[in-house]
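Chain and residue survey
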Amino acid sequence: MEDPIELEIIMPSNSIAPTPSRVKSNQGESSSTQEDLGTRTFRFNDPMTQQKFLHNEISTGKYNFLTFLPLFLFEQFRKAFNIFFLIICVLQQIPGVSPTGQFTTIVPLTFILLVAALKEIIEDYKRHKADDAVNNRKVEVFRDGKFNEITWTQVLVGDIVKVVNGHFFPADLVLFSSSEPQAMCYIETANLDGETNLKIRQGLSATSMWQQSSQLNSMRGQIECEAPNRHLYDFTGNIKLDGNAERSIPLGPEQMLLRGAMLRNTQWIYGIVVYTGHESKLMKNAKRAPLKMSNVDRTTNMQIWFLMTVLIVISLASSIGSEIWKNQQPKRWYIYGDGTGAKGFFMELLTFIILYNNLVPISLLVTLEVVKFIQAIFINNDLEMYYAPTDTPAMARTSNLNEELGQVKYIFSDKTGTLTQNFMEFKLCSIAGVKYGNDFPEESSTFFEDEEFLKKLHNGRDGNRYVRDFVTMMSVCHTVVPERPRKTVEETTPNNRDDVDQKMDDDCIEYQSSSPDENAIVKAARAIGFVFYERTPNSVTIRALDKDESYDILNVLEFSSDRKRMSVIVRCPDGKIRLMCKGADNVIFERLCDESKFKDTTECHLREFAREGLRTLCFAQTVLDEAFYQEWNDGIYYEASTSVIDRDTKLAAAYELVEKDLELIGASAIEDKLQDGVPDAIATLAKADIKIWMLTGDKQETAINIAHSCHLITPSMSSIILSEGSLEGTRQTMNDAVNEIGHEFLRMENDIALVVTGATLKYALNPELQSMFLDLALSCKAVVCCRVSPMQKAEIVELVKTHCKAITLAIGDGANDVSMIQAAHVGIGISGNEGLQAANSSDYSIAQFAFLQKLLLVHGAWNYNRIAKCILFSFYKNICLYLIELWFAFFNGFSGQILFDRWTISFYNLFFTALPPFALGIFERTCSCKVMLKYPQLYSISQSAVKYNARVFWKMFLNSTVHSLMLFFLPALTLWNDIAFSNGMTGGYLFLGNFVYTYCVITVCLKAGLESSTWTIFTHIAVWGSMLFWLFFFGVYSHFFPAFPIGAEMLGQADNVLSCGIFWFGLLFFPITVLFRDLLWKVCRRRFMKSVVEEVQEMEMEHLDPSQTIMAAARQSLTEKAHLLKNMFGMASRTSQDDSESRFGLNEERARSSSVRSLPDANHGFAFSQEEGGVVSQSQLIRQYNTNVVKPLGT
């Protein structure tokens, strides 16, 4: 049995799970005492009991009504940015210290916190809304003598619930009866472990007869079990039924139905609630999510720390300058008071810190919050990412990582439900060397179509017997159980059975099976005309072209991963004993008789099917001699099946004796249907230089098949398969693989696929081998990890995230994907299906994998470019204005005197330059959506982070410093002699300040226009409107006083400034002079050093095709070494498999002993999903079914 898989569900970092409420039971033993002892005891179906356990409501939200304010403030003031401005606010309240007033920082900081709070409330509301959708699901609970429909939140421990087919279990339940024989049921655990096959659970025989609500009235008892824990597949307990002499019956994991799993192929089950809400095993795996910060945010934080350092340095320098100035100037009684010496120096330092504090842009936080929030709205309302069949739009569950979407280098994807629909469909077959079926018909109402096939099937003569034998095997050789319409079963009697059966609508038959492959095969046989409609413990009956045929089931030789095949031994209607076998091509071919035909042509067809990613099975049969069979069955098989020691080994040996001398009939090809557009999406993302790794809990064969069908693995690739069972074996295999690739080519993309099993991954992730495994994985073009646990998925993501300087993205749809979704830089959940665990824990959710193209290549690339420009511009405009105070300090004796009015200083970011950053952050775009999707190579620009990094920031800082110098000294020089008017009147410091302030606003707005690549209506409003708004405000504000008690110093300033000719001269020439170098550089660059994006932009405007430009740039980016690698490992040009092996220095013997091999050496697309080592064996399962018996309704 496999090791139990421990699953992680990760909660938001500051979410608070409710604490269980406990009261004392009527037996006098408190529940809390039981929990302390590691057990839980409760009565079920007993409303008089007053025991209380944790309610069944779950919450993944960050806040509730009581915790919002303290948690929000704690989160906000963990940021150094906010703490800095809080300190500034406090310092401004000290009398005589602040040159800018008491409220100029409090007002914008309060505004910022309010906007952040509003954003948090809206985002957390979405989380609570998603939780409510789960909490308010309906389920039937037995209360007051009948089943009542209530919400999941009202379910209590001890309740008896009824769950019907296709529904999730509302809590952790103990199964006690079902619609199936012996209280069996099928469950789907894809949300828990990623496996496509269904699993079987079985209730106790002592409770299996309780199948009517009338019987439940008298059913009471007590369950004692282990306390709630996180071990998903472990459970220990006892049940005592009242009136059963107080005898305990053991309970185990085979009776456990976990929250998160779904009931399948079973009409209904009754279960007793054991664990609810956050005490369920699924939620017990919850842990706090790591706080995610985008790469851009980390870079910004570093620059903010740098600016804070600059602020402290220039504040110290200004304080020192003040002391020097005071010592060099004659003392003035009206300037100097008692603030001299160390105390005076400290007070001056505080003054200058307040004066220069806006070098750190307080507006940046609120700007980014609003910009990212609106970007998230764009994602949510993108109709091209809306999935109509399930009415599911894309959803940005957080907006903090919008720009991270534009820098993704590695994608870690689940398989089941993410790449696939978890739906199998019979597509093609090869029978007697002839291929049948249309290659993927676009519109088809049946599973299989081929006129020639149907002709041969109805003819049945000569060589056409193979076709009939093949379809007969499809409908007989399996462990499927048919679910016939209830009305038909009730009306069936020995006298009218044939008439009723003939009238029955065969399409209404539902097939139950733990194997989706067998289900697809039986449905295809039904569509062809061979309807499997009846199973009894000893026989199956099919309607073959309207004629009933009954086959006695003598033995079932079960499937296992080691055997790679399953067989049934049947007695046919003609009395012959026939062994029918299906399985992998290599194990079937080894057991064929010498006279068997069609091996070569069948193998060619298998290779074709495998190249298309289809799941293949070979079909073969043989007729057994009656005497030989009796001897084998009564002797060898009986002894093996009753052996106490090594039963499985002895059974396998017994099977070998009878599964021989087979005659090959043909092969089937089943499509594990992919989600729409998955192959194209993977190909497009690969062109964007994004590496995709598939991490799945499913079997190796299934994973490889899906990797082929979605074109993650191509036929040209060679493969490295790591499937060792020891540390040393893993080390040796990886060493061999590394040597074959060559050390000089490690961590460089080669045309190789790496396939790793979960058992080997345990050793590969060992600290001793971690580095070698990463080197090997990064050297391969495709990586497939199968049979991996949720924890291993997270470990792989963490490994790449830690050791590669690249952004990672994880995408999945099940609870087993939550750990890797939270471990990656960006987590994407697939929503729209029944399971929402991954979507609720993700950063973004989409309905289809194909939508990832637009989310990354368009929204991601756009958002990165927008955020980069928005941040750089926000820094630029603050440095331009507030560094001017430093230059002014040289002329005011470093006294701390401000050049501008205190309120205009505060309103600079709030109003006059607020819109340009929004225009850049919301509406800016590099190229159109169509071009971004058509040419994914453009994604590399945002992926490489060339638009925003430390180097870019330093260039911006130096540029803005120069601009601030020019913006101060150009106006200052024009007013150097203090004469501003022809009549000899002079202006004061505010007169100069208003000159400089106006020129700064105009320059900054024009700079925003210069940086913008896309001029929209909002861009025009932001640029020109901001300029006009300042001039309008200036005119109005200078007349506020004395009507309003503010701005006394500004009284009449507008009249003076706007009537000055020097002002208008400067307004016309100074902003252009300041920006001339920027404009000249941009013109020269676009003329002589044009980037690919700029070329594409120009070609878009001229309506030209940019494909040649983009492809030329892509080819130019390939290094000589990359060309060498393509030549060395490119399999497309190989002439034979031997050529490929010679490139790797492999001979046939080594290829068999090593894990490095060419893909043609592997099985030709074999894949078969079925539960192994389950509660009930497949042989026992079919022996317990009789479809002629009416199943209970469970009412």
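Cut-off values and rules
- Residues numbered from 1 in each chain as written.
- Predicted model: local features only at pLDDT ≥ 70, side-chain atom pairs only at ≥ 80, totals over all residues.
- Heavy atoms only, no water.
- Helix = DSSP H or I, 4+ residues; strand = E, 2+ residues; numbered from the N terminus.
- Buried < 20%, exposed > 50% of the residue type's maximum accessible area, 1.4 Å probe, protein only.
- Areas by Shrake-Rupley, 256 points an atom, 1.4 Å probe, with all protein chains shown as cover.
- Salt bridge = Lys/Arg side-chain N within 4 Å of Asp/Glu carboxyl O.
- Pairing = 2+ DSSP bridges.
- Expected span 1.5 Å × (residues − 1).
- Arc of directions from axis to C-beta.
- Contact = heavy atoms within 4.5 Å.
- Axes fitted to C-alpha atoms, helices over the stretch in contact; angles between N-to-C directions.
- Core = buried A, V, L, I, M, F, W, Y, C linked by side-chain atoms within 4.5 Å.
- Domains from an automatic or database assignment.
- Phe/Tyr/Trp six-rings, centres within 6.5 Å; stacked < 30°, edge-to-face > 60°.
- Lys NZ or Arg CZ within 6 Å of the ring centre and 35° of its normal.
- Parallel < 35°, antiparallel > 145°, perpendicular 65-115°, else oblique.
- Left-handed = near helix turned anticlockwise from the far one by under 90°.
- Nonpolar A, V, L, I, M, F, W, Y, C, P; charged D, E, K, R; others polar.
- pLDDT = per-residue confidence, 0-100.
- Right-handed = clockwise from strand over helix to strand, strands pointing away.

A few words on the overall build of the protein. Per the secondary structure count, the protein includes 44 helices and 36 strands. When each of the 1195 residues of the protein is scored for burial, the buried share is 59%. Of the roughly 49,100 Å² that the protein leaves accessible, carbon and sulfur atoms contribute 56%.

Another aspect to go through is the pattern of salt bridges. This structure, assessed with the given rule, holds 43 salt bridges. In this structure, the salt-bridge partner of Arg565 is Glu656, at a minimum N-O distance of 3.0 Å. Residue Arg565 is located in strand β25 (residues 565-571), and its partner Glu656 is located in helix α19 (residues 647-658); the two are separated by 91 residues in the primary sequence. For Arg565, a relative accessible area of 2% gives the class buried. You can call Glu656 partly exposed: its relative accessible area is 37%. Across the pair Arg591 and Glu590 runs a salt bridge, and its minimum N-O distance is 3.4 Å. Taking relative accessible area as the criterion, Arg591 reaches 12% and is therefore assigned buried. Through salt bridges with shared partners, a single network forms among Arg563, Arg565, Glu590, Arg591, Glu656 and Glu659.

Turning our eyes to something else, we now look at the pairing of strand β4 (residues 146-151). Summarising the sheet, strand β3 (residues 138-143) and β4 pair through six bridges and their orientation is antiparallel. Opposite Val141, over in β4, you have Asn148 as the bridge partner. The turn linking β3 back onto β4 is made up of two residues, and Asp144 within it adopts a positive phi angle of 55°.

Our next topic: α19. Here α19 contains 12 residues, and its C-alpha end-to-end distance of 17 Å stays within 8% of the 16 Å for a straight helix at 1.5 Å per residue. Taken residue by residue, α19 has Leu651, Ala654, Tyr655 and Val658 as its buried positions. The buried residues of α19 occupy one face: seen down the axis, they fall within an arc of 100°. In this fold, the buried residues of α19 make contact with β24 (547-557), β25, β26 (577-583), β27 (615-624) and α18 (626-641).

With antiparallel pairing, three strands are arranged side by side in an open sheet as β8-β7-β13. Two strands close off the open sheet at either side, each with one partner strand: β8 (199-202) and β13 (262-264). The sheet shows a mean angle of 50° between the axes of neighbouring strands, direction not considered.

This next bit is on the nonpolar core. Within the largest apolar cluster, 98 residues are counted, with the highest numbers of intra-cluster contacts made by Tyr356, Val360 and Phe875. Of the domains in this structure, domain 1 (65-139) and domain 3 (364-374 + 858-881 + 916-1102) are the two that each give at least three residues to this core. When near neighbours in sequence (up to four residues on either side) are disregarded, Tyr356 contacts Leu311, Ile314, Ser315, Ser318, Tyr882, Glu885, Leu886 and Ala889. Counting 74 residues, the second-largest nonpolar core is a separate cluster that includes Tyr436, Leu457, Met473 and Val658.

This part covers unusual backbone geometry. The phi angle at Asn265 is positive, at roughly 50°, despite the residue not being glycine. Tracing the chain through its elements places Asn265 in the loop between β13 and β14 (268-275). Here Asp546, not a glycine, exhibits a phi torsion of approximately 70°, which is positive. You can see Asp546 is positioned in the loop between β23 (539-544) and β24.

Throughout the structure, instances matching the rule amount to 53 aromatic pairs. For the pair Tyr999 and Phe1070, a centre-to-centre distance of 5.4 Å together with 90° between the ring planes defines the contact as edge-to-face. Separated by 71 residues along the polypeptide, Tyr999 in helix α35 (residues 989-1011) and Phe1070 in helix α38 (residues 1061-1088) bring together distant segments of the chain. For the residue pair Tyr999 and Phe1070, the accessibility class agrees, reading buried in each case. Here Arg465 stacks its cationic end above the ring of Tyr466, 4.2 Å away from the centre of that ring. Note that Arg543 overlies the ring of Tyr533, its terminal NZ or CZ placed 4.5 Å from the centroid.

Mapped onto the elements, Thr418 comes out in the loop between β17 (408-413) and β18 (420-431). Classification of Thr418 by relative accessible area gives buried; the value is 0%. Setting aside its immediate chain neighbours within four residues, Thr418 contacts Ser413, Gln675, Ile811, Gly812, Asp813, Ile830 and Phe849.

The next point concerns the packing of α18 against α19. Contact geometry for α18 and α19: axes closest at 8 Å, N-to-C directions at 165°. Classified by the angle their axes make, α18 and α19 are roughly antiparallel. When you trace α18 past α19, the crossing you get is right-handed. Residue-level contacts link Phe628, Trp632, Ile636, Tyr637, Ala640 and Ser641 of α18 to Arg647, Lys650, Leu651, Ala654, Tyr655, Leu657 and Val658 of α19. Considering only residue class, the contact of α18 with α19 consists of 10 nonpolar, one polar and two charged.

Where helix α11 (residues 451-459) meets helix α12 (residues 465-476), the axes come as close as 8 Å, and the angle between the chain directions of the two elements is 95°. The orientation of α11 relative to α12 falls into the category roughly perpendicular. Facing α11, whose interface residues are Phe453, Lys456 and Leu457, α12 presents Val467, Arg468 and Val471. Looking at the contact of α11 with α12 residue by residue, the class counts come to four nonpolar, no polar and two charged.

A word on the sheet that holds strand β5 (residues 160-164). Strand pairs in the sheet, formed through backbone hydrogen bonds, run parallel or antiparallel to each other. Spatial strand order, β4-β3-β5-β14-β6-β12: six strands in an open sheet with antiparallel pairing. Each of the sheet's edge strands pairs with one partner strand only, and the pair in question is β4 and β12 (256-257). Of the pairings in the sheet, the one linking β5 to β14 comprises five bridges and is antiparallel in character. Bridge pairing links Val161 to Gly271 in β14.

Turning our eyes to something else, we now look at the confidence of the model for the protein. When pLDDT is averaged along the protein, the result is 82; 85% of the residues meet or exceed 70. Confidence drops under a pLDDT of 50 for residues 1-36, and excluding neighbours within four residues, the segment shows 106 contacts in the predicted structure.

As for its placement among the helices and strands, Val115 is situated in helix α4 (residues 106-135). When the C-alpha atoms of Val115 and Val370 are compared, they prove to be 7.7 Å apart, with 255 residues separating the residues in sequence.

Quick look at the environment of Glu590 now. Of note, Glu590 is situated in the loop between α16 (585-589) and α17 (599-611). Look at Glu590 and you get exposed, because its relative accessible area is 61%. Along the chain, Glu590 and Asp661 lie 71 residues apart, while their C-alpha atoms are 9.3 Å from each other.

With that out of the way, let us pick up the side chain of Glu518. Summarising the element assignment, Glu518 is placed in helix α15 (residues 516-528). Apart from the residues within four sequence positions on either side, Glu518 is in contact with Cys477, His478, Thr479, Val480, Ser513, Met566, Lys582, Phe1168 and Gln1170.

Attention shifts here to the pairing of strand β31 (residues 750-757). Of all eight residues in β31, eight are buried, a share of seventy percent or more. In this structure, strand β30 (residues 718-722) lies alongside β31, joined through five bridges in parallel fashion. Along β31, the bridge assignment pairs Ser718 with Ile752. Tracing the backbone out of β30, into helix α22 (residues 727-741) and back to the parallel element β31 gives a crossover that is right-handed. Examined bridge by bridge, β31 and strand β32 (residues 780-786) share six bridges and lie parallel to one another. Bridge pairing in β32 places Val756 opposite Cys785.

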